[in-house]
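# Fold and contact review
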Amino acid sequence: MEIAVVMDKIYNKSLLIIIFLVFATWSNAIYNAAVSISMGLLLAWIIIDLIRYKSWHKFRVPKVLMFSVGTYLIGVLLANSIVGGAKNISNALDYIYWAAPMLLIIYSCRNPNIIPAVNWGMIVSIFYTSFASLYQIYYRLTDLVFEAYISSLPYGNRITGFYYNPNFYAVLLILILPFVVIWTIQAFRGKRYNFLLFANIIALIVGVISLIGTFSRGSILGLCLGGLITLIAYGIIYKKYKVIGFALALGFLGWLGVELLAQIKASYGVYRSYDNERLLLWKSSYYMWKDHKLFGVGFHEWQYFYQQQYILLEARERTLEMPHNNIAWFFSATGVLGGSAFIVFLVGIVSYLVRAIKKRFSNNYILYAMMWAFLGLLFQGMVDVGFTMKSSARLFFVLLGLAVASSNYESVEKHLLN
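The following refers to the structure shown. Remember, predicted model here, so these are calculated numbers, not experimental data.

### Examining the environment of Ile 96
Tracing the sequence through the fold places Ile 96 in helix H4 (residues 86–99). Note on Ile 96: relative accessible area 30%, which makes it partly exposed. In this structure the C-alpha to C-alpha distance between Ile 96 and Leu 73, which are 23 residues apart in sequence, comes to 6.1 Å. Beyond its immediate sequence surroundings of up to four residues, Ile 96 is in contact with Leu 73 and Leu 77.

Below is the structure:
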């Protein structure tokens, strides 16, 4: 009997370790091998759990999410299949592959004891990626080998961390920082002054510094706007009108600060020389959709059609692979079929989160963090990669799985590990 108890403890602890590894690796996605290994371990654990308990019900997905996510994935796959071409279909299947981990997280994270492992995974991810970004910031702020260092950066004085493109680093940060913020607030509210709170605070500081250092305007704006709208939603749901007023005032002051900064010194990166290029790019995408309304040109063929037929004469960025706007991307690449499916997906996510929050589960703070992360990615996707990049899309669905799983908690506060 004692051996069985010990084995059960090892079995349960192994899940905590695996979940920690999943969130530590998927929150930065630097090493594909680490991502694959961690998810492989989780899949193996779930298979064993299914054999032991036959608990297929743990895969249960809310109907609104099942419909919206299913419509989205089927829509883009159908559009690319109708357009034809093995590479178009392969690219569409990638979107399904990126979304699949949501089911694994829904199954495995239904116990509130999982939350500290998730939290520590995100903290370790931020610490690890911040090593490179803080190193870059240090040399950016000093004269030590400044010229040689700056010349080695692919984006000049913008911080890239371990990534080639600063925007790729920033978009992952805006997905996990809302959770770190919310967990920090919850710890203060619950008066849990422990080492985990200290680690969250440090991770939050270095994460925000790294995000600012990327000068990724879309990500920074997405994080700020997402946070303000989430705060307003909180005020509306709980009828806290002072919170709404505070959020609106904060938004107004933020807008004034951006405008002032732009007037004082344009080189701070508020406005850039290629901003008008985005407008030309979106115009090209509109013309592309206009000629291929129903099914688009296909994911893989988008770049070819853009360069050969739809690039405007005045455009200078002539080798782009996407229009830097998720709406423009899905409508031009997959037509009305895929574009409408993407809109259904977005509406479905909002509908699920609002409905779940209104039920006032004990896990509402996780749902608010998910809403913040979703809105941040949505706004970032209006000017950059958003849901179309592998690492950001995968991480989004992992976090969405966490939000769904947390709706099954009876009392998060009662079960949290110290």
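### Here we look at the pattern of salt bridges
Across all of its chains, the model carries 2 salt bridges by this definition. With its nearest N and O atoms 2.9 Å apart, the salt bridge here joins Arg 52 to Asp 8. Placement of Arg 52 in helix H2 (residues 32–53) and of Asp 8 in helix H1 (residues 2–26) is noted, with a sequence separation of 44 residues between them. Assessed through its relative accessible area of 32%, Asp 8 is described here as partly exposed.

### Observations regarding a nonpolar patch on the surface
On the surface, Ile 74, Leu 78, Ile 82, Val 83, Leu 294, Phe 295 and Val 336 cluster together into a nonpolar patch covering about 570 Å² of accessible area. Broken down by element, the nonpolar patch gets its largest block of residues, 4 residues, from helix H3 (residues 63–83). Within the secondary structure, Phe 295 is located in the loop between helix H12 (275–291) and helix H13 (302–310). Look at Phe 295 and you get partly exposed, because its relative accessible area is 30%.

### Considerations on helix H16 (residues 390–406)
An α-helical turn contains 3.6 residues, so a residue and the one three or four places further along point in the same direction. When the terminal C-alpha atoms of H16 are compared, their 24 Å separation across 17 residues agrees well with the 24 Å that a helix rising 1.5 Å per residue should span. Along H16, 16 of the 17 residues are buried, which leaves the element largely enclosed by surrounding structure.

### Re the nonpolar core
Ranked by internal contacts, the top residues of the largest apolar core, which has 113 residues, are Phe 23, Leu 42, Phe 179, Phe 345, Phe 374 and Phe 396. If you tally residues by element for this core, the top one is helix H8 (residues 166–189), at 14 residues. If we ignore the near neighbours within four places in the chain, the residues touching Phe 396 are Leu 175, Phe 345, Ile 349, Met 370, Phe 374, Leu 377 and Phe 387.

Thresholds applied
- Residues numbered from 1 in each chain as written.
- Predicted model: local features only at pLDDT ≥ 70, side-chain atom pairs only at ≥ 80, totals over all residues.
- Heavy atoms only, no water.
- Helix = DSSP H or I, 4+ residues; strand = E, 2+ residues; numbered from the N terminus.
- Buried < 20%, exposed > 50% of the residue type's maximum accessible area, 1.4 Å probe, protein only.
- Contact = heavy atoms within 4.5 Å.
- Salt bridge = Lys/Arg side-chain N within 4 Å of Asp/Glu carboxyl O.
- Patch = residues over 30% accessible without salt bridge, like charges linked within 9 Å, V, L, I, M, F, W, Y side chains within 5 Å.
- Areas by Shrake-Rupley, 256 points an atom, 1.4 Å probe, with all protein chains shown as cover.
- Expected span 1.5 Å × (residues − 1).
- Core = buried A, V, L, I, M, F, W, Y, C linked by side-chain atoms within 4.5 Å.

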